[in-house]
Amino acid sequence: MEAKIFMARVADQAERYVDMVDFLEQIVDDSEGDVNTDVRNLLSVGFKNLISGQRSAWKTVQAIEQNKKYADYQSDCESYRGKIGEELASNCEKVINIVKDKCLQKAQEDEAKVFYLKMIGDYYRYTAESATGDQLAAVTENALKYYDEATKAGDNLKPYNSTKLGLALNFSVFYYELKNDSSKACSIAEESLNGAKEKIDEMDNEEARDALSIIELLKENLDLWKEEEA
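Residues numbered from 1 in each chain as written. Predicted model: local features only at pLDDT ≥ 70, side-chain atom pairs only at ≥ 80, totals over all residues. Heavy atoms only, no water.

## Focus on the overall build of the protein
Step number 1: Across its full length, the protein carries nine helices and zero strands.
Step number 2: The C-alpha atoms of the protein give 19 Å as radius of gyration, which agrees with the globular expectation for 230 residues (17 Å, within 12%).
Step number 3: Considering only C-alpha atoms, the protein reaches an extent of 60 × 55 × 30 Å along its principal axes.
Step number 4: Partitioning the intrachain contacts of the protein with sequence separation of at least 6 by distance along the chain shows that 68% fall at a separation of at least 24.
Step number 5: A total of about 12700 Å² of accessible surface is found on the protein, and carbon and sulfur atoms cover 45% of it. (Helix = DSSP H or I, 4+ residues; strand = E, 2+ residues; numbered from the N terminus. Rg over C-alpha atoms; globule rule 2.2 N^0.38 Å. Contact = heavy atoms within 4.5 Å. Areas by Shrake-Rupley, 256 points an atom, 1.4 Å probe, with all protein chains shown as cover.)

## Details of helix H1 (residues 2-13)
Step number 1: With twelve residues, H1 ought to run about 16 Å at 1.5 Å a step, and its terminal C-alpha atoms sit 17 Å apart, in line with that.
Step number 2: Every buried residue belonging to H1 is among Ile 5, Ala 8, Ala 11 and Asp 12, and all of these are buried. In an axial view of H1, the angular spread of the buried residues amounts to 120 degrees, which keeps them on one side of the axis. Counted as exposed and oriented over 90 degrees from the buried face of H1: Glu 2, Ala 3, Phe 6 and Gln 13.
Step number 3: Packed against the buried residues of H1 are helix H2 (17-30) and helix H3 (37-66).
Step number 4: Of the residues flanking the end of H1, it is Glu 15, one or two places downstream, whose phi is positive at about 60 degrees. (Expected span 1.5 Å × (residues − 1). Buried < 20%, exposed > 50% of the residue type's maximum accessible area, 1.4 Å probe, protein only. Arc of directions from axis to C-beta.)

## Remarks on the nonpolar core
Step number 1: Grouped together as the largest cluster of nonpolar side chains are 68 residues, with contacts concentrated most on Leu 24, Leu 43, Phe 47, Val 99, Tyr 116 and Tyr 123.
Step number 2: Sorting elements by how many residues they give to this core places helix H5 (residues 110-128) first, with eleven residues.
Step number 3: The contact partners of Leu 24, leaving out residues within four places of it in the chain, are Ala 8, Val 39, Leu 42 and Leu 43. (Core = buried A, V, L, I, M, F, W, Y, C linked by side-chain atoms within 4.5 Å.)

## Overview of the environment of Leu 43
Step number 1: Counting through the fold element by element, Leu 43 comes out in helix H3.
Step number 2: Overall, Leu 43 belongs to the buried group, its relative accessible area being 1%.
Step number 3: In this structure, the C-alpha to C-alpha distance between Leu 43 and Asn 156, residues 113 residues apart in sequence, is 24 Å.

## A word on the layout of surface pockets
Step number 1: Of the voids in this model, the largest pocket is the one considered here, and its volume is about 750 Å³.
Step number 2: Lining the largest pocket are 24 residues, with Ser 44, Phe 115, Lys 118, Ser 162 and Gly 166 positioned closest to its centre.
Step number 3: Only H3, H5, helix H7 (162-177) and helix H9 (205-229) provide two or more residues apiece to the lining of the largest pocket.
Step number 4: Top contributing element to the lining of the largest pocket by residue count: H5, with eight residues.
Step number 5: Its residues placed into classes, the lining of the largest pocket shows nine nonpolar, eight polar and seven charged. (1 Å grid on protein atoms, 1.4 Å probe; cavity = no way out; pocket = protein on both sides within 12 Å on 5 of 7 lines; lining within 4 Å. Points joined across faces, edges and corners; volume = space filled by probe spheres on them. Nonpolar A, V, L, I, M, F, W, Y, C, P; charged D, E, K, R; others polar.)

## Notes on the environment of Val 18
Step number 1: As for its position among the elements, Val 18 is in helix H2.
Step number 2: Judged by its relative accessible area of 47%, Val 18 is partly exposed.
Step number 3: In this structure the C-alpha to C-alpha distance between Val 18 and Asn 49, which are 31 residues apart in sequence, comes to 9.0 Å.

## Brief notes about a nonpolar patch on the surface
Step number 1: A cluster of nonpolar residues, Phe 6, Met 7 and Val 10, forms a patch on the protein surface that exposes about 270 Å² of accessible area.
Step number 2: With respect to the helices, strands and loops of the structure, Phe 6 is situated in helix H1.
Step number 3: For Phe 6, a relative accessible area of 54% puts it in the exposed group. (Patch = residues over 30% accessible without salt bridge, like charges linked within 9 Å, V, L, I, M, F, W, Y side chains within 5 Å. Salt bridge = Lys/Arg side-chain N within 4 Å of Asp/Glu carboxyl O.)

Here is the structure:
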């Protein structure tokens, strides 16, 4: 187990993220129960980096496609963007299946369940970035389902818990970007911020360090969305 964790870190340093995810999947398979927080953080890093290049590439090609200077090549760019989108969807599906079928099944603690349910919602949301038509509707609905389940699973977590705050951050972005519902996005962000503020004096140094950066992002989004509404 330790050797595989070490090799997952080596693959991360080597920017070999397909290999990193393969090592991490083996670690999850070999674990009798849920993995520890360090491995969960490695999962988060590995999965995010697995798709980050494709997300960036898709947006780059989209920007070129929409540039009037390159109108003659619009159909070529559209076809290429579609290819990248298929690769992105495939990798997101791989992540979702690992988390849903393996990680979540072994989760016992509420925080772990929130972590995994939120992650499933996130990767459906990332799939939606390049999806259209029926696929877009399906992945949007699935993202909503798992964000809702994560929210319910986190009912007993402290309001300043960083996993719970991260869920509120991403769920609010989901409503803003995919549902075009800035009012609901603001409501989720505001409720989360107010809950954290009420209990802020109870945080120890480690909790404060983890929570404050997410609180700042929630504040920035909330200010921006309220300004747009006004």
